[in-house]
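Fold and contact review
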Amino acid sequence: MSLIQHSTNHIHLLQIHALILKTSLDVDIVVLTKLLGKMFSQSTLIGYDLSYARKLFDIIPQPDTFMFNTMIRGYLKSNKPEDCLSLFMRMCRQDGVCIDSFSLSVVLQSCGRSVDCKNGKYLHAQSLKLGFGSDLFVQTALIEMYGRFGLVEVSRKVFDEIKDPDCISCNVMLAEYVRVREMGLAREFFDKMSDRDLVSWNTMIHGYASTGDVESAQDLFDTSTRKDVVSWTSMIAACAKSRCSSNALKLFHEMQLSNVVPDQVTMVSVLCACGDIGALGMGKTIHEYIKRSSIELDIRLSTSLVDMYAKCGDIDNAVSCFKQMRKKDVFAWSAMIMGLANHGYGEAALDLFSKMISEGTKPNDITFIGVLTACSHIGLVDKGWTYFNAMSDVYGIPPKIEHYGNMIDILGRAGRLQEARELIRSMPFKPDAVIWRALLGACKIYRNVELAEEAMVKLVAIEPDVDGNFVLLSNVYSQAKQWHKVVNVRRIIKNNKIHRIPGSSSIEVGNVIVEFIAGDKSHLQSDQIYKMLSEIMHRLKEAGYEPLTTSVLQDVDEKEKETLLAHHSEKLAIAFGILNTAPGVPIRIVKNLRVCDDCHSAIKIISIIYNRKIIIRDRNRFHHFVAGTCSCKDYW
DNA sequence: CTAGGGTTAG
């Protein structure tokens, strides 16, 4: 008994359980219920843990109401609505066991979570019949249930019938408004609440965050006088999700300064932010922290680690975290497949996909994004088609426009432009900008001016002011040596106030991210950086490098074009990296746009001259430059 | 009994 009371680790509890089974100890029902309850109070039980709990339940000759309630609540918490319902039914039939308001509230919640309207409404009627119509537990469960059914007005009606609503029932009502994204109604309700607790505030903060209204979330967060780990995590998650990642990391820092201890949920959002901006050092620090602390490495946190390492260019650590996972679900597999694909390990990604299938995890539409990306990056056209067709034929997943986009990319990069064009024509979606840009990009590689112009016409109709599209078109013309058309594109960009997205590259040194834009002179070390850069350029030329000035859009002389190329953000970041890291240490760069052809060939040589591994994450994929070659094998 | 978390075409 004391063992059970003091155990906080569920593996430990399972051991105690095994001991009871093995020794056939004559333990009484109170002890068993305690053990069962304790098992469920440790995070959410999954898979075999849950069946252990059930085994324990089943050895009890005559479970009482409390025991039944513990078990059905366990099923609710473990997201097993069918089991919850069927055990509840057995409970109803069992002599000497009576249904109380707790049992009813659990099973009503369960119907809500599984959107089981039929049973839900039936059980609602039964609760009224049994005289639980004005029980607060039951009423609260009903609010939640109807909310999950999408009937928030019915929830409100139930709420209005409560004579003396407590804070929890108000919070549940508030949460249902938030769930259906009715932030106006939620705010009105929140403002009228007489006593609001932390949960009410946190529900609102999360509500704003989930609608993408980070500003309102922040306002509310700033006005709240008490902030716990959930408040901070909601705010950090809001920033991470809306990709204000450095803000997320700043908040995490502030959180620690205010002595609120992060938990595994916080870490997931922090790692997400690290992955977004490629903050590997920070990510590693978090990983170390997790290992040192008692934070539980659950399936979501592990997936975040895998994803963070992959997005930060450290694929080896991503793989090792993935291998250490005790249980893997479709999220974990998909994250790993995507990571491998983006690093150019297409075969490994596809092997992993097969392994996932053979181990019994069903893929989803996102898994196939990873699978098709793998095919795209290593040029597997036929395999791409096979997987694309298998999606609907074998797995019953209808391809979305994203999958068509992937397929068009696969075909285009492989030079099968007409096939790509035909797929756009035949697909059941209206082609979007991404689709046309994929085709345009392929036209650039294969110098197809005619198709490029067609794609550009469509593209301009959707995105009239995106400079990248014009840059692509201009590159098509310069590849095809149609200089008069290049001049024309330049004129359009100049005269039409085309919005220019500056290329920027960032690099992390000592856990600090430093960002460069082309021609950047703002850094304190600027003089040194440019000195380094001219040394690099000098040595590059000695090694036979020739600047690819034809890709420069500005109308300036040759010398000036060379300078512009030399000052591209990724080159600045590399110069900074060589200056500020020890010899031999890999240099990792994150770029917001795609690496240009000139930088790509220059960096290959830099990797030889300076004997450095240079890892660049661009908009599209990873490039690992080692000893003069790139992992993309120039197929990008 | 109520609040926060993971994979997503270019």
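Residues numbered from 1 in each chain as written. Chains lettered and ligands numbered in written order. Predicted model: local features only at pLDDT ≥ 70, side-chain atom pairs only at ≥ 80, totals over all residues. Heavy atoms only, no water.

Now for the UniProt feature "repeat: PPR" (unreviewed entry) in chain A. Mapped onto this numbering, the UniProt entry annotates "repeat: PPR" (unreviewed entry) at residues 64-94, 197-227, 228-262, 298-328 and 329-363. As annotated, residues 64-94 comprises 84% helix and 0% strand, and the C-alpha atoms at either end are separated by 9 Å. Secondary structure content for residues 298-328 is 71% helix and 0% strand, and the end C-alpha separation is 10 Å. (UniProt positions renumbered as here; feature names shortened; annotations may be inferred. Helix = DSSP H or I, 4+ residues; strand = E, 2+ residues; numbered from the N terminus.)

Within the structure, DNA strand B sits among 51 residues, and N171, N202, R300, F331 and V434 are positioned closest to it. Within 4 Å of the protein, the contacting atoms of DNA strand B are drawn from sugar and phosphate to the extent of 38%. Interatomic distance of 2.8 Å between a side-chain N/O atom of T233 and a base nitrogen of DNA strand B. S234 places a side-chain nitrogen or oxygen 3.4 Å from a sugar or linking oxygen of DNA strand B. Counting residues per element, the surface near DNA strand B draws most heavily on helix α19 (residues 299-311), at seven residues. Residues of the surface near DNA strand B, tallied by class, amount to 20 nonpolar, 18 polar and 13 charged. (Near = heavy atom within 4 Å. Polar contact = N/O pair within 3.5 Å; in protein donor to acceptor, adjacent residues only side chain to side chain. Nonpolar A, V, L, I, M, F, W, Y, C, P; charged D, E, K, R; others polar.)

Our next topic: the sheet that holds strand β5 (residues 622-626). Here we have six strands laid out as an open sheet, ordered β2-β1-β3-β4-β5-β6, and mixed in their pairing. In this open sheet, the two strands that pair with only one neighbour each are β2 (512-517) and β6 (629-630). When strand β1 (residues 504-509) meets β2, the two strands line up antiparallel, connected through six bridges. From the neighbouring strand, S504 faces β2, where its bridge partner is I517. Of the strands in this sheet, β4 (614-617), β5 and β6 are in contact with helix α34 (residues 597-609), which crosses β5 at around 40°. (Pairing = 2+ DSSP bridges. Contact = heavy atoms within 4.5 Å. Axes fitted to C-alpha atoms, helices over the stretch in contact; angles between N-to-C directions.)

Tallied over the entire structure, the rule returns zero disulfides. Take C84: it sits in no disulfide, and the sulfur closest to it among the cysteines is that of C111, at 7.7 Å. Accessibility expressed as a relative area gives 0% for C84, which makes it buried. There is no disulfide at C274, and the cysteine sulfur nearest it, in C312, is 6.5 Å away. Note on C274: relative accessible area 0%, which makes it buried. (Disulfide = S-S within 2.5 Å. Buried < 20%, exposed > 50% of the residue type's maximum accessible area, 1.4 Å probe, protein only.)

On to the environment of L440, then. Mapped onto the fold, L440 is located in helix α27 (residues 433-446). Separated by 29 residues in sequence, L440 and N469 place their C-alpha atoms 8.3 Å apart.

End to end, helix α23 (residues 365-378) covers 21 Å across 14 residues, agreeing with the expected 20 Å (1.5 Å per residue, within 8%). Burial of α23 is extensive: eleven of the 14 residues sit out of reach of the surface. For α23, the complete set of buried residues consists of D365, T367, F368, G370, V371, L372, T373, A374, C375, S376 and H377. Against α21 (330-342), α22 (346-358), α24 (381-393) and α25 (401-413) lie the buried residues of α23. (Expected span 1.5 Å × (residues − 1).)

A few words on helix α12 (residues 183-192). Residues of α12 that are buried: M183, A186, F189 and F190. The buried residues of α12 all sit within an arc of 125° when viewed along its axis, so they share a single face. In α12, the exposed positions angled more than 90 degrees off the buried face are occupied by G184 and K192. Contact partners of the buried residues in α12: α10 (152-161), α11 (167-179), α13 (198-210) and α14 (214-223). (Arc of directions from axis to C-beta.)

Once that is clear, we can look at empty space enclosed by the protein. Applying the stated rule across the entire model yields one cavity of 30 Å³ or more. Within this model, the largest cavity holds a volume of roughly 30 Å³. Lining the largest cavity we find L76, N79, K80, P81, S110 and R113. Looking at the lining of the largest cavity residue by residue, the class counts come to two nonpolar, two polar and two charged. (1 Å grid on protein atoms, 1.4 Å probe; cavity = no way out; pocket = protein on both sides within 12 Å on 5 of 7 lines; lining within 4 Å. Points joined across faces, edges and corners; volume = space filled by probe spheres on them.)

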